[in-house]
Amino acid sequence: LISRKWKVEPTRIDLGDGVIIGEGQFSIMAGPCSIESEKQIELVVQHLVENNVKIMRGGVFKPRSSPYAFRGLGLEGLQLFHRICRENGIKIITEVMQVSQIEEMIDYVDVFQVGARNSQNFNLLDALGAAQKPVLLKRGISGTIEELLQAAEYIFSNGNEKIMLCERGIRSYENAYRNVLDLNAVPVLKAKTHLPVIVDPSHGIGLRDYVEEMSLAAVMAGADGVIYETHQKPEEAFSDGQQTVNFKESERLIRRMRQAYSLR
Ligand code: PEP
Ligand code: MN
């Protein structure tokens with residue numbers, strides 16, 4: 001169902017209020033790795049509004065490698081996130097980690113993110129298929145293109161066609177950076193499916209100094225959008241600060257991505 005052979009026209013996902021994801025648009029989704037406080041949400045929202053960015057990312061349920069790391073503000077954080085974004089016309093994308101969270105989160109979310117670690121959580125994918133909210137599905141940490149497509153098929157075959165695929169870097173032997181952002185995936189996925197393809201350069205390279213270059217490369221590779229991490233003070237971020245750009249860098253990144261897209 002997710003194949004171009006089955007449906008030739010590109011899928012476009014309408015989040016309402018004129019925010020549409022898919023071919024013909026370039027979507028920017030930006031925000032902190034984790035939602036941390038009311039003040040932080042306000043600062044990020046202000047930054048996004050100033051730059052005409054319509055979608056904010058931020059985790060409230062965080063999959064952390066260590067159980068002692070910050071694991072997110074949970075539902076209360078999401079409610080705060082939702083209130084401030086709604087007041088400012090910003091859409092929300094946030095990660096859902098398990099089936100039981102879908103129901104409590106659904107009224108506060110515009111796009112459910114499925115993280116790399118849950119990319120083959122088939123019960124979660126089934127449930128998101130039934131839930132009828134847009135889903136951004138990340139590629140698994142060592143996931144193949146075929147596994148990503150099959151994961152999307154789980155959601156689609158349960159009745160939810162509002163899916164975007166996300167390349168977020170794959171694990172390799174290389175340790176000079178966090179992951180290897182596989183930009184090969186962009187044209188290949190675009191050829192194989194009608195679904196929008198989004199790139200996450202922050203997790204893809206894991207080092208803030210190179211997020212701009214990899215974002216521009218993603219644009220030129222044909223991505224329908226980019227999702228990246230930004231924070232008012234990346235050095236103080238509760239998670240992923242090393243790959244998070246500040247607002248000045250983010251502003252420049254937004255400008256340059258839009259320029260690059262206009263040349264595509
Ligand atoms: C995130 O977006 O902060 C995240 C945890 O991403 P991933 O699932 O790609 O590691
Ligand atoms: Mn992160």
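I will try to describe carefully the structure that is included in this document. It should be emphasised that the depicted structure is a prediction, and the values quoted were computed from it without experimental measurement.

As a further point, take the pairing of strand β7 (residues 135-138). Looking along a regular strand, one sees the side chains alternate between the two faces of the sheet. Side chains Val 135 and Leu 137 of β7 all project onto a buried face; the interleaved residues Leu 136 and Lys 138 project onto the opposite face, where all are buried too. Across three bridges, the pairing between strand β6 (residues 111-114) and β7 is parallel. Of the residues in β7, the one forming a bridge with Gln 113 is Leu 136. Handedness of the β-α-β unit built from β6, helix α4 (residues 122-131) and β7 comes out right-handed. Bridge analysis of β7 against strand β8 (residues 163-167) gives four bridges, and the strand direction is parallel. Bridged to Leu 136 within β8 is Met 164. Note that the unit made of β7, helix α5 (residues 145-157) and β8 has a crossover that is right-handed.

The alternating pattern of β6 places Val 111 and Gln 113 on one face and Phe 112 and Val 114 on the opposite face, and all of these are buried. Alignment of strand β5 (residues 91-95) against β6, held across three bridges, turns out to be parallel. In the strand pairing of β6, Ile 93 is matched with Val 111. At this point the chain moves from β5, through helix α3 (residues 99-105), to the parallel β6, and the crossover so formed is right-handed.

Time to look at the nonpolar core. Within soluble globular proteins, side chains that are nonpolar generally end up buried alongside one another. Core analysis: the biggest nonpolar cluster contains 73 residues, and Leu 137, Ala 152, Leu 165 and Ile 198 have the highest contact counts within it. Counting residues per element, this core draws most heavily on α5, which supplies seven residues. Among all residues touching Leu 137, those that are not within four sequence positions of it are Val 114, Ser 119, Ala 151, Ala 152, Ile 155, Ile 163, Leu 165 and Cys 166.

Within the closed barrel, the eight strands sit side by side as β3-β4-β5-β6-β7-β8-β9-β10. Their pairing is parallel. The mean angle between the axes of side-by-side strands here comes to 25 degrees, regardless of whether they run parallel or antiparallel. Both strand β3 (residues 27-31) and strand β4 (residues 55-57) contribute to a ladder of two bridges, which runs parallel. Considered in β4, the bridge of Met 29 is made with Ile 55.

Another point: α4. Counting along an α-helix, one turn takes 3.6 residues, and residues three or four places apart therefore face a common direction. For α4, the full list of buried residues reads Leu 124, Leu 125, Ala 127, Leu 128, Gly 129 and Ala 131. Lining the buried residues of α4 we find α3, β6, β7 and α5.

All residues adjacent to ligand 1 are Cys 33, Gly 59, Pro 63, Gly 115, Ala 116, Arg 117, Lys 138, Arg 168, Asp 200 and His 203. Residues that form the shell around ligand 1 fall into these classes: three nonpolar, three polar and four charged.

Among the secondary structure elements, Ser 3 is positioned in the segment before β1 (13-14). A residue is classified by how many C-beta atoms lie within 10 Å of it, and Ser 3, with 14 of them, is partly exposed. Spatially, the C-alpha atom of Ser 3 lies 34 Å from that of Leu 207, the residues being 204 residues apart in sequence. When near neighbours in sequence (up to four residues on either side) are disregarded, Ser 3 contacts Lys 192 and Thr 193.

The rules behind each value
- Residue numbers here run from 1 along each chain, matching the order of that chain's written sequence.
- As a convention, the first chain written is A and the first ligand written is 1, with the rest following in written order.
- Residues qualify for local features only when their pLDDT is at least 70, as the model is predicted, and side-chain atom pairs are given and counted only at 80 or more; totals for whole chains, interfaces and linings, by contrast, use all residues.
- Comment: burial labels come from other C-beta atoms within 10 Å of the residue's own C-beta, placed from the backbone, where a count of 20 or more is buried, 12 or fewer is exposed, and between is partly exposed.
- A run of H or I in DSSP becomes a helix once it reaches four residues, and a run of E becomes a strand once it reaches two; helices and strands are each numbered from the N terminus.
- Two strands qualify as a pair provided that DSSP identifies no fewer than 2 bridges between them.
- Orient the strands so they point away from the viewer; a crossover is then right-handed if the path from the first strand over the helix to the second runs clockwise.
- What makes a nonpolar core is a set of buried Ala, Val, Leu, Ile, Met, Phe, Trp, Tyr and Cys residues, with links drawn between C-beta atoms within 7 Å.
- Here the contact rule is simple: place C-beta atoms from the backbone, and any two residues whose C-beta atoms are within 7 Å are in contact.
- The angle between two axes is taken between their N-to-C directions and runs from 0 to 180 degrees, where each axis is a line fitted to C-alpha atoms and a helix contributes only its stretch in contact.
- Placing the C-beta atom from the backbone, one calls a residue near a molecule or strand if that atom lies within 6 Å of it.
- Residue polarity follows a fixed list, in which Ala, Val, Leu, Ile, Met, Phe, Trp, Tyr, Cys and Pro are nonpolar, Asp, Glu, Lys and Arg are charged, and the others, Gly among them, are polar.

Function-wise, these values are silent; they only describe arrangement.
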